[in-house]
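Residue strings, one per chain:
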Amino acid sequence: MTVLVFLDPALENGRIADATKPQLMATDLGATRGDGIFESLLAVDGVPRKVQAHLDRLASSARIMDLDIPPSDAWERAIATAVAEHAPAEELVLKLLVTRGVEGAERPTAWVQASLPGSLGRDQRQEGLDVLLLDRGYDSNIAERAPWLLLGAKTLSYAVNMAALRYAKANGADDVIFTSTDGLVLEGPTSTVLMATVRDGVRTLTTPLLENGILPGTSQGALFNAAADAGWQLGYGPLEPHHLLAADAVWLVSSIRLLAPVKSIDGRAIPVSHEMTEELTALLAKGSRE
Ligand code: PLP
């Protein structure tokens with residue numbers, strides 16, 4: 001079951017649409033140019049997680065794209081409508097999507113989609129991931145030098161990210177960690193990289209530097225807040241592949257998949273800690289409710 005709710009200035013709570021029928025114009029710039037942005041968030045037992053963080057990032061992506069999008073309260077009402085219209089479920093995936101609209105109309109097309117998650121996220125949380133390091137082809141200063149590449153925005157142009165995942169699968173791996181041409185660890189095609197080290201009893205969580213042209217992860221943000229309260233030290237890159245290979249655990253983290261442990265990088269096994277995965281997954285849930 002998929003529920004669609006289009007944001008419509010004339011309808012306070014949004015317009016519910018039939019997901020089995022065509023709903024987008026073929027001339028929508030989201031379809032013809034990938035010119036739009038999105039967010040994916042999880043609702044647990046009918047309660048959407050980290051709504052404000054996702055709305056803040058949607059607004060930031062819109063600013064980077066010069067895109068005029070509906071205000072936060074309209075999204076909040078459409079999210080509530082979508083959750084209420086969907087059959088009750090332990091987990092729901094909510095997508096917020098907004099495009100530059102139909103050619104010539106100069107009005108964005110915006111909608112919320114609610115659907116059940118597939119089993120992939122759960123499988124990857126349990127089984128772990130074999131990951132390839134892939135060169136993204138940009139150096140780590142590119143975001144500042146070339147803002148038109150939209151590197152800090154969550155745009156609908158995910159064809160490159162999906163191609164990287166297909167490349168990984170064709171080469172016997174499950175997922176990807178992008179690196180910069182100057183050798184820094186960046187992010188996954190749909191996830192943030194996170195590593196844990198334990199040295200002399202001090203436990204540290206580290207994630208790559210945001211300034212290196214990666215998407216600020218809402219899961220990483222929520223987890224860091226909760227982990228700091230639980231006594232973890234926090235660190236931000238720059239990270240290089242050898243740091244990941246020497247870590248006590250590495251994860252790919254995102255809102256739907258949550259923490260998926262990395263078990264190998266370029267064919268080299270790295271430690272997996274079920275204990276830390278469990279603890280940090282609980283902290284992520286805690287941080288996501290605040
Ligand atoms: N980085 C990229 C490129 C992503 O696409 C995503 C999520 O889809 C993330 C990081 C993780 O973001 P979040 O934790 O907000 O889901």
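Note that the structure is predicted; figures quoted are calculated from it, not measured.

It is worth spelling out the environment of asparagine 212 at this point. The residue asparagine 212 is located in the loop between strand S10 (202-207) and helix H7 (218-229) in this model. Look at asparagine 212 and you get buried, because its relative accessible area is 8%. Spatially, the C-alpha atom of asparagine 212 lies 22 Å from that of aspartate 66, the residues being 146 residues apart in sequence. When neighbours within four sequence positions are excluded, asparagine 212 is seen to be in contact with Ser140, Leu184 and Leu186. One polar contact links the side chain of asparagine 212 to the main-chain carbonyl oxygen of serine 140, over a distance of 3.5 Å.

The two faces of the sheet receive side chains in turn, since in a regular strand these alternate between them. When you tally the buried positions in strand S7 (residues 129-135), you get 5 out of 7 residues, the bulk of the element. As judged from the 3 bridges shared by S7 and strand S13 (residues 258-265), these two strands associate in the parallel manner. Paired with valine 131 across the two strands is isoleucine 265, which belongs to S13. Both S7 and strand S8 (residues 175-179) contribute to a ladder of 5 bridges, which runs parallel. Bridging across to S8, aspartate 135 finds its partner in threonine 179.

Taken as a whole, the protein is organised into domain 1 (2-117) and domain 2 (121-289). Between the C-alpha centres of domain 1 and domain 2 there is a distance of 26 Å. The partner domain 2 presents 20 residues to the 22 residues of domain 1 that form the contact. Between domain 1 and domain 2, the buried area comes to about 1,800 Å², and carbon and sulfur atoms account for 66% of it. Among the residues of domain 1 in contact with domain 2, Phe38, Lys50 and Arg57 are the three that bury the most area, contributing 36% of the side total. Our enumeration of links across domain 1 and domain 2 arrives at 0 salt bridges.

So, on to the sheet that holds strand S3 (residues 36-44). Spatially, 6 strands are ordered S2-S1-S6-S5-S3-S4 in an open sheet, and the strand pairing comes out antiparallel. Every other strand in the sheet has two partners, leaving strand S2 (11-17) and strand S4 (47-48) as the edge strands with one partner each. In this structure, strand S5 (residues 91-99) lies alongside strand S6 (residues 109-115), joined through 7 bridges in antiparallel fashion. The residue of S6 that forms the bridge with valine 93 is serine 115. The strands that helix H3 (residues 72-85) touches are strand S1 (2-8), S2, S4, S5 and S6; relative to S1, the one it contacts most, it runs at about 155°.

Within the structure, the ligand sits among 16 residues, and Lys154, Tyr158, Thr218, Ser219 and Ser255 are positioned closest to it. Coverage of the ligand by the protein amounts to 94% of the 380 Å² it exposes when considered alone. Only H7 and strand S12 (249-254) provide two or more residues apiece to the shell around the ligand. For the shell around the ligand, the residue count by class is 4 nonpolar, 9 polar and 3 charged.

So, about the packing of H7 against helix H9 (residues 274-289). Where H7 meets H9, the closest approach of the two axes is 7 Å, and the angle between their N-to-C directions is 100°. The angle between the axes of H7 and H9 places the two elements in the roughly perpendicular class. On H9, the residues that touch Ser219, Ala222, Leu223, Ala226 and Ala227 of H7 are Leu280, Leu283, Leu284, Gly287 and Ser288. Residues belonging to the contact of H7 with H9 are distributed by class as follows: 7 nonpolar, 3 polar and no charged.

Counting residues in each nonpolar core, the largest one holds 25 residues, and the members touching the most others are Ile37, Ile69, Trp75, Leu96 and Val112. Looking at this core, the elements that each hand over two or more residues are S1, S3, helix H2 (51-65), H3, S5 and S6. When residues in this core are grouped by element, the largest group, 6 residues, is from H3. Residue contacts for leucine 96: discarding those within four places in its chain leaves Ile37, Phe38, Glu39, Leu41, Leu55, Leu58, Trp75, Ile79, Trp111 and Val112. With 19 residues, the next largest nonpolar core counts Ala222, Ala226, Trp232 and Val253 among its residues.

Rules of the game
Residues numbered from 1 in each chain as written. Predicted model: local features only at pLDDT ≥ 70, side-chain atom pairs only at ≥ 80, totals over all residues. Heavy atoms only, no water. Helix = DSSP H or I, 4+ residues; strand = E, 2+ residues; numbered from the N terminus. Buried < 20%, exposed > 50% of the residue type's maximum accessible area, 1.4 Å probe, protein only. Contact = heavy atoms within 4.5 Å. Polar contact = N/O pair within 3.5 Å; in protein donor to acceptor, adjacent residues only side chain to side chain. Pairing = 2+ DSSP bridges. Domains from an automatic or database assignment. Buried area = accessible area lost by both parts, 1.4 Å probe. Salt bridge = Lys/Arg side-chain N within 4 Å of Asp/Glu carboxyl O. Axes fitted to C-alpha atoms, helices over the stretch in contact; angles between N-to-C directions. Near = heavy atom within 4 Å. Areas by Shrake-Rupley, 256 points an atom, 1.4 Å probe, with all protein chains shown as cover. Nonpolar A, V, L, I, M, F, W, Y, C, P; charged D, E, K, R; others polar. Parallel < 35°, antiparallel > 145°, perpendicular 65-115°, else oblique. Core = buried A, V, L, I, M, F, W, Y, C linked by side-chain atoms within 4.5 Å.

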